[in-house]
Amino acid sequence: MFLQTVASQLYQQYGKDISRFAFVFPNKRPAVYFRHYLGNLIDKPIWSPELLTIHEFIGLSTNRLPADRLLQSFLLYDAFLAVLQEDGETDIPTYERFYSLGEILLNDYTELESNIISIPDLYSNMAELAAIEKGFDYLTAEQQEYLKRFWKNFSTEKLSRQKEKFLLLWRRLPRIFERFGALLEERQLVTMGTIYRNLATGKHDNAVFLDKFEKIVFIGFNALNRAELRLFTELKNDGKALFYFDADSHYIDDPLQEAGLFLRRNLGLFGNEAPVENNINRTDRTIRVIAAEGNAAQVRLLPQLLKEIPDLAKAPERIGILLADEQQLMPVLHSLPDGIPFINITMGYGIAQSPVFSLITTIIKVQESLEQQSGKRIYYQYLLQLLQHPYFYQVDQAAELVTEINKRSLVSIPVEKWEQVTEKRLKQILQLVQQPMDIFGLIRNVLEVQAREPVNGAIGALELQLLSSAYYQLNRLEDLLKQFKHPLSLEFIGETITNVMRTLSVPLEGEPLKGLQVMGLLESRGLDFDHIIVLNVNEGVLPKRAVAPTFIPDSIRRAYGLSVMEKQDAIFAYVFYRLLQRNSTMACLYNCTVDEAGPGEPSRFLAQLEYETRIPFIHQQLLVNVAPEAKPPISIIKDEKVMTCLNRYRKVALSPSAINNYIECPLRFYLKHVVGIDEPEGFQDEIDARVMGNILHKAIEHLYERLAAGKNGSREVTAADIDLLDQWADEAVDGAFGMELAGEFGYPVQFTGSYKVIREVIRYYVREVLYYDKRYAPFTIVQLEKKALGNFSFVSNGKAMEIKIGGIIDRIDKKQGIYRIIDYKTGKDKKDFKSVEGLFDPEERERNKAALQTIIYSHVLKAELPQGTPVVAGLYDVRNMKKDGEGFDWRFREQAGRGKMEPIDHQRMEELVKLTMEKLEEVVASIFDERIPFDQTTHIEKCQYCTYKTICGR
């Protein structure tokens, strides 16, 4: 093992003198292992040497504290503001608009500082090529060519406004960064990039920090920035440094191998105290490359792969599960098999995955919604998120309010609805803060109360730790924001809290040298494992496809030797290849599914290894049976219980819609009308066709009932009456909305978004109905929304039976002694049908369900009227009223000779009712026949929009 070999070699060579050494590593993990190996070698007590990460070591060179990232952002904006004001700019963006730009500028500034780049040089006006030759003679010819190529594309004649703004900002950046540095210095603060620059250029303020160390030992480094290169060179020249690079001849000897890009340079500059081995080309182990369909499939395979490792029980610490995509941490942890005594996770548990984060973000959304409505109303979505949060869903008052919001489909909830809530946390959250900064105190108070709740088990302990970390972070963030003199909105403060919290994680480290090791790929640097499992070894994930956002173009980055895509790829290549230097087994899993997230291909590193080496590769595919197994057909036998349920139709009406459902699918009829499984009620966020139709019905009903009330109960309707109804139409529609959504006519509905559009559509439909009623007037309204109920006799399986049939008839009116049944339809219903037989034929593609329904209603109505009373039926299909214009006809049309459609008058209706009821006897008889089960329809296309398709597997 590399670290063990280094520890042994150093102790043999220097003995107890290593107490005066500083050992520097790229990250923390190798230092823990190194201390362990060193401790095993020492048989007598000695002073422990300093073990530092590179950042900790560099930080010793200054007495100033590193500035917090958010404070850096504030100070950079102050510098930006000052420079723009100096230049006479008046259109200066607010800090909130500047924030995203500032984050990128800070990244660039840190990179330039740590690479000792002259900021004025890089950002100066290089439009004249002479400036390159004159002012940048230290650049190589190739680097100068990069610059020329970049600036050639910036023709001043072709500059867009955006490019002009970009160049203007670019020219100002040297002054902005200079002022930014001065503001930091005033506060006795510094950035990590500047610490690097100052140390490399000899301007650090702790000049004697190296004197305490006899030697500095750098272990396991690969890519170095320019400041590190200069520092390492000076320390080597002074005889102060030793270098141990973990390298293999496979990528060192090949000048084109990207994994050795940095190490070849490092070995040439600094030498290597560790031997360069030739381990990668070993053929005594295999690499398994396993294709899995989806990330979940990779995770599910982990228990099996671990089971195949013989050392799992004896030495789990020699097994490493490495995550190329660190988002897989939680799925991986949940998939690990029982029986593993210890699991060490060298990653953090992100607070963004916890209820604590969702609580904080919900509080912010609630407050922002309250602010928009002056504390008087709140948008339903945010209130529901709050009331249904895991911390509050058991609060009785919360559950009651959720029920009312869903039942009434309240979009904008007034303060009266929640002011009676007494639960302490909810009461605080639902009160608008006085000032934007007060939201910190609000969130802290809620977290304090939550932290006092009883804690159960490891999950509860973790949640308590998350609450504590979030509380600390809020204090820190509030202190920083208070230092900022510019006004900040609640929206920005909320966004800042969310962004900071999203990056917060709680360490999950256990005993670092014990148990199965789970870590991100970059954390494996310097560590060796006997058995390795790597997940998500996909192209685009390893190496990563994206680079950090920057305002420094690629050509300029190449000219100044800054990081570019190839260098990032080389870093990941080294990390991956290094894993193979001392392992015994390796399994690489990748997602082979092709989707918008990626091409479903393994990383090119695997292809390179297979081509370059003689390592045996085993390619496997995890076969997941994704072909849906056809569910066995569902057939409900009509046993005693089912027949008992059916017998209720002796007293309760079997409706035309139920009959239509039976014709479409007997199983749907059974589920809905026999066992009574209805759609779950929830918030009516979008108004569907059914609700829209209900609102239309209620609005028209209200209009005519109001008219009758104003005429002392008279139901005669004249053309003049319709003009009056037209004036009441808008009020009737708004009242009908309240009735449908909240169960109360006139309930104040907040008309926003789609509600506003639907209201206008229904208003239009109501006026179309009134327009045609005016043409039809005078007439008499007999009844609106009439509950029609009649007896229906039939013979089923040799037994005479009688049930009730009927339903609600939208409207019955009368003119010249003829009764008319009208059904309002807002959908695509048509008035044409081919024959009575076609009304009952499930294979009829455009079976007219509305016609069957109204003909059945005609039968029920005729039974109530004196014999021989003429009845006719039709549709107000409101979608077609405007399209048909003056030619609109409400009557149904039946196919006559040669395909011609003939309107049905009251005389033909008499015959149709008789024929329809004869055919209906057959259908109802089959419903009550114990020998005929309730089967699924064979017409699968009818299942597409069926409510019950989940139940029946369609």
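Source: prediction; values computed, not measured. (Residues numbered from 1 in each chain as written. Predicted model: local features only at pLDDT ≥ 70, side-chain atom pairs only at ≥ 80, totals over all residues. Heavy atoms only, no water.)

Undergrad: Help me understand the overall build of the chain, please; the structure alone is not making it clear to me.
TA: Along its length, the chain carries 36 helices and 28 strands. Computed over its C-alpha atoms, the radius of gyration of the chain comes to 39 Å, more than 25% above the 30 Å expected for a compact globule of 954 residues. Along the longest, intermediate and shortest principal axes, the C-alpha atoms of the chain span 120 × 70 × 60 Å. Across the 954 residues of the chain, 52% fall into the buried class. (Helix = DSSP H or I, 4+ residues; strand = E, 2+ residues; numbered from the N terminus. Rg over C-alpha atoms; globule rule 2.2 N^0.38 Å. Buried < 20%, exposed > 50% of the residue type's maximum accessible area, 1.4 Å probe, protein only.)

Undergrad: So what exactly am I meant to see when it comes to helix α20 (residues 438-451) here?
TA: The periodicity of an α-helix, 3.6 residues per turn, causes residues three or four places apart in sequence to face the same way. With 14 residues, α20 should cover 20 Å at 1.5 Å per step; its first-to-last C-alpha distance of 20 Å lies within 8% of that length. Among all positions of α20, only Ile439, Phe440, Leu442, Ile443, Arg444, Val446, Leu447, Val449 and Gln450 are buried. (Expected span 1.5 Å × (residues − 1).)

Undergrad: How do you make sense of the sheet that holds strand β1 (residues 21-25) when you look at a structure like this?
TA: Taken in spatial order, the four strands make up an open sheet running β2-β1-β5-β6, and their pairing is parallel. Every other strand in the sheet has two partners, leaving β2 (50-53) and β6 (241-244) as the edge strands with one partner each. Put simply, the sheet's adjacent strands are angled 20 degrees from each other on average, direction ignored. In terms of strand pairing, β1 meets β2 through four bridges, oriented parallel. Its bridge partner being in β2, Ala22 is matched across the sheet by Glu50. The strands touched by helix α11 (residues 226-237) are β5 (215-219) and β6; relative to β6, the strand with the most contacts, the crossing angle is about 120 degrees. (Pairing = 2+ DSSP bridges. Axes fitted to C-alpha atoms, helices over the stretch in contact; angles between N-to-C directions. Contact = heavy atoms within 4.5 Å.)

Undergrad: Sorry if this is basic, but what is going on with the nonpolar core here?
TA: Counting 118 residues, the largest nonpolar core has Tyr95, Leu122, Leu306, Ile321 and Ile497 as the members making the most contacts within it. In contact with Leu122, not counting residues within four places along its chain, are Leu112, Ile117, Trp170, Ile552, Ile556, Tyr560 and Leu562. Counting residues in hydrophobic clusters, the runner-up holds 86 residues, among them Leu210, Phe270, Val289 and Tyr574. (Core = buried A, V, L, I, M, F, W, Y, C linked by side-chain atoms within 4.5 Å.)

Undergrad: Mind showing me how you'd approach the packing of aromatic side chains here?
TA: Here the distance between the centres and the angle between the planes together describe a pair of aromatic rings. Taken as a whole, this structure holds 46 aromatic pairs when the rule is applied. Geometrically, the ring pair formed by Phe23 and Phe34 is tilted, given 5.0 Å between the ring centres and 45 degrees between the ring planes. A residue pair is termed long-range when its members are at least 10 positions apart, and Phe23 in strand β1 and Phe34 in helix α2 (residues 28-41) qualify at eleven residues. An angle of 70 degrees between the planes, with centres 6.4 Å apart, marks the rings of Tyr577 and Phe605 as edge-to-face. In this pair, Tyr577 sits in helix α24 (residues 565-578) while Phe605 sits in helix α25 (residues 604-612), placing the two residues 28 residues apart along the sequence. Residue Phe605 is classed as buried on the basis of its relative accessible area of 0%. Members of the aromatic cluster, each reached through a chain of ring pairs, are Phe57, Phe209, Phe218, Phe221, Phe232, Phe243, Phe245 and Phe270. (Phe/Tyr/Trp six-rings, centres within 6.5 Å; stacked < 30°, edge-to-face > 60°.)

Undergrad: What should I look at first to understand unusual backbone geometry in this one?
TA: Leave glycine aside and you will find that most residues have negative phi; peptide bonds, for their part, are mostly trans. That bond from Leu542 to Pro543 is cis: its omega, -5 degrees, falls within 30 degrees of zero. Along the chain, the position of Pro543 falls in the loop between β15 (531-535) and α23 (554-559). Following Ala777, the chain continues into Pro778 via a peptide bond in cis, with omega recorded as 5 degrees. Mapped onto the secondary structure, Pro778 falls in the loop between α31 (754-776) and β21 (779-796). If you check the backbone angles, Asn712 has positive phi at about 60 degrees while not being a glycine. The exposure class assigned to Asn712 is exposed, which follows from its relative accessible area of 77%.

Undergrad: Can you walk me through the sheet that holds strand β16 (residues 585-591) in this structure?
TA: The strands making up a sheet associate through backbone hydrogen bonding, with each pair oriented either parallel or antiparallel. Spatially, seven strands are ordered β9-β14-β8-β15-β16-β7-β17 in an open sheet, and the strand pairing comes out parallel. The open sheet terminates on both sides in strands that have one partner only, identified here as β9 (343-345) and β17 (617-622). For this sheet the average axis-to-axis angle between neighbouring strands, irrespective of direction, equals 15 degrees. Judged from the six bridges that link them, strand β7 (residues 287-292) and β17 form a sheet pairing that is parallel. Paired with Val289 across the strands is His619, a residue of β17.

Undergrad: What exactly am I supposed to notice about a negative patch on the surface here?
TA: A contiguous patch of negative charge, built from Glu96, Glu371, Glu491 and Glu495, is present on the exposed surface. Within the secondary structure layout, Glu96 lies in helix α5 (residues 95-114). (Patch = residues over 30% accessible without salt bridge, like charges linked within 9 Å, V, L, I, M, F, W, Y side chains within 5 Å. Areas by Shrake-Rupley, 256 points an atom, 1.4 Å probe, with all protein chains shown as cover. Salt bridge = Lys/Arg side-chain N within 4 Å of Asp/Glu carboxyl O. Lys, Arg positive; Asp, Glu negative; His and termini not counted. Charge placed at Lys NZ, Arg CZ, Asp CG, Glu CD.)

Undergrad: Explain the pattern of salt bridges to me, please; I cannot follow it from the model alone.
TA: Any two side chains of opposite charge can pair if their charged atoms end up close together. Here the structure, examined in full by the defined rule, presents 59 salt bridges. The partner of Arg582 in a salt bridge is Glu277, and the shortest N-O contact between them spans 3.3 Å. Linking Arg582 in the loop between α24 and β16 with Glu277 in the loop between α13 (261-270) and β7, this pair joins segments that are 305 residues apart in sequence. Note that Arg767 and Asp726 form a salt bridge whose closest N and O atoms lie 3.4 Å from each other. Of this pair, Arg767 sits in helix α31 while Asp726 is found in helix α30 (residues 719-742), placing the two residues 41 residues apart along the sequence. Classification of Arg767 by relative accessible area gives partly exposed; the value is 30%. Classification of Asp726 as partly exposed rests on a relative accessible area of 30%.

Undergrad: What exactly am I supposed to notice about the confidence of the model for the chain here?
TA: For any part of a model where pLDDT is low, the fine detail of the predicted coordinates should not be relied upon. A residue-level look at the chain finds 92% of positions with pLDDT of 70 or above and a mean pLDDT of 86. A low-confidence stretch, residues 125-136 stays under pLDDT 50, and its non-local contacts, those more than four residues away or across chains, total 20 contacts. This model gives residues 154-159 a pLDDT under 50, and the stretch forms four contacts once residues within four places in sequence are excluded. (pLDDT = per-residue confidence, 0-100.)

Undergrad: How should I be thinking about the packing of α5 against helix α10 (residues 192-200) in this particular structure?
TA: Axes are the key here: two packed helices are described by the angle between their axes and the distance separating the axes. At a minimum axis distance of 7 Å, the contact between α5 and α10 shows a crossing angle of 15 degrees. As judged from the angle between their axes, α5 and α10 are roughly parallel. Where α5 crosses over α10, the handedness of that crossing is left-handed. Contacts between α5 and α10 involve Tyr109, Thr110, Leu112, Glu113 and Ser114 from the first element and Gly193, Thr194, Tyr196 and Arg197 from the second. Along the lines of polarity and charge, the residues of the contact of α5 with α10 split into three nonpolar, four polar and two charged. (Parallel < 35°, antiparallel > 145°, perpendicular 65-115°, else oblique. Left-handed = near helix turned anticlockwise from the far one by under 90°. Nonpolar A, V, L, I, M, F, W, Y, C, P; charged D, E, K, R; others polar.)

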